[in-house]
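Report on the structure
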Amino acid sequence: MAGMSPIFRRSEKKSPEERLVTLVGKPGCHLCDDAQEVIEKVCGELGASWEKKDITQDEELYRLYWEQIPVVLVDGAQHDFWKVNEDRLRRALTG
């Protein structure tokens, strides 16, 4: 499989406990607060880790996501923005 195109390689399925959800937002953002509630609920139920990053404290995050906050990343890849769908996040974490 080493010489196989990445398109055809299957990645190993991770358990929710091995996943990391990142909420990129800013203080005083009501949509960010709503997103955090969903993330806390889903991650709490599944045992997934999550973290919160302040877009106003990180130039790279600001450049990438300012017009989309809140942004949710799963294992570093963008998953959602503006509104977090609980069922969609749960499916992303359980694969």
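Overview of the structure. (Residues numbered from 1 in each chain as written. Predicted model: local features only at pLDDT ≥ 70, side-chain atom pairs only at ≥ 80, totals over all residues. Heavy atoms only, no water.)

Here the focus is the nonpolar core. Residues Val21, Ile39, Leu89 and Leu93 are the most contacted members of the largest nonpolar core, which totals 14 residues. Among the elements of the structure, strand 1 (20–25), helix 1 (30–46), strand 3 (71–74) and helix 3 (86–94) are those that each provide at least two residues to this core. Looking at this core element by element, the count peaks at six residues for helix 1. (Core = buried A, V, L, I, M, F, W, Y, C linked by side-chain atoms within 4.5 Å. Buried < 20%, exposed > 50% of the residue type's maximum accessible area, 1.4 Å probe, protein only. Helix = DSSP H or I, 4+ residues; strand = E, 2+ residues; numbered from the N terminus.)

Taking 1.5 Å as the rise per residue, helix 1 with 17 residues should run 24 Å; its terminal C-alpha atoms sit 25 Å apart, in good agreement. Here helix 1 has its buried residues at Cys32, Ala35, Gln36, Val38, Ile39, Val42, Cys43 and Leu46. Contact partners of the buried residues in helix 1: strand 1, strand 2 (49–54), strand 3 and helix 3. The positive-phi residue at the C-terminal boundary of helix 1 is Gly47, with phi of around 80°. (Expected span 1.5 Å × (residues − 1). Contact = heavy atoms within 4.5 Å.)

Let's shift gears to a negative patch on the surface. Judged by side-chain charge, Asp33, Asp34, Glu37 and Glu40 come together as a negatively charged surface patch. Residue position: Glu37 is located in helix 1. (Patch = residues over 30% accessible without salt bridge, like charges linked within 9 Å, V, L, I, M, F, W, Y side chains within 5 Å. Areas by Shrake-Rupley, 256 points an atom, 1.4 Å probe, with all protein chains shown as cover. Salt bridge = Lys/Arg side-chain N within 4 Å of Asp/Glu carboxyl O. Lys, Arg positive; Asp, Glu negative; His and termini not counted. Charge placed at Lys NZ, Arg CZ, Asp CG, Glu CD.)

Below, the discussion takes up the packing of aromatic side chains. The tally for this structure, following the rule as stated, stands at two aromatic pairs. Taken together, a centroid distance of 4.7 Å and an interplanar angle of 70° make the contact between Phe81 and Trp82 edge-to-face. (Phe/Tyr/Trp six-rings, centres within 6.5 Å; stacked < 30°, edge-to-face > 60°.)

Looking now at the packing of helix 1 against helix 3. One way to put it is that helix 1 packs onto helix 3 with a least axis distance of 10 Å and a crossing angle of 35°. Our pair here, helix 1 against helix 3, has a crossing hand that is right-handed. Each of Val38, Ile39, Lys41, Val42, Cys43, Glu45 and Leu46 in helix 1 lies in contact with helix 3, whose residues at this interface are Glu86, Leu89, Arg90, Leu93 and Thr94. Of the residues in the contact of helix 1 with helix 3, the class split is seven nonpolar, one polar and four charged. (Axes fitted to C-alpha atoms, helices over the stretch in contact; angles between N-to-C directions. Left-handed = near helix turned anticlockwise from the far one by under 90°. Nonpolar A, V, L, I, M, F, W, Y, C, P; charged D, E, K, R; others polar.)

Within the fold, His79 resides in strand 4 (residues 77–81). By relative accessible area, His79 is classed as buried at 12%. If we skip the residues at most four places from it in the chain, His79 touches Val72, Leu73, Val74, Arg88, Leu89 and Ala92.

Pairs may arise between side chains of opposite charge once their charged atoms sit close together. Counted under the stated rule, the structure contains nine salt bridges. Put simply, Arg90 and Glu45 hold a salt bridge, and the shortest N to O gap is 2.5 Å. Here Arg90, found in helix 3, pairs with Glu45, found in helix 1; they are 45 residues apart in sequence, far enough to count as distant. Judged by its relative accessible area of 48%, Glu45 is partly exposed.

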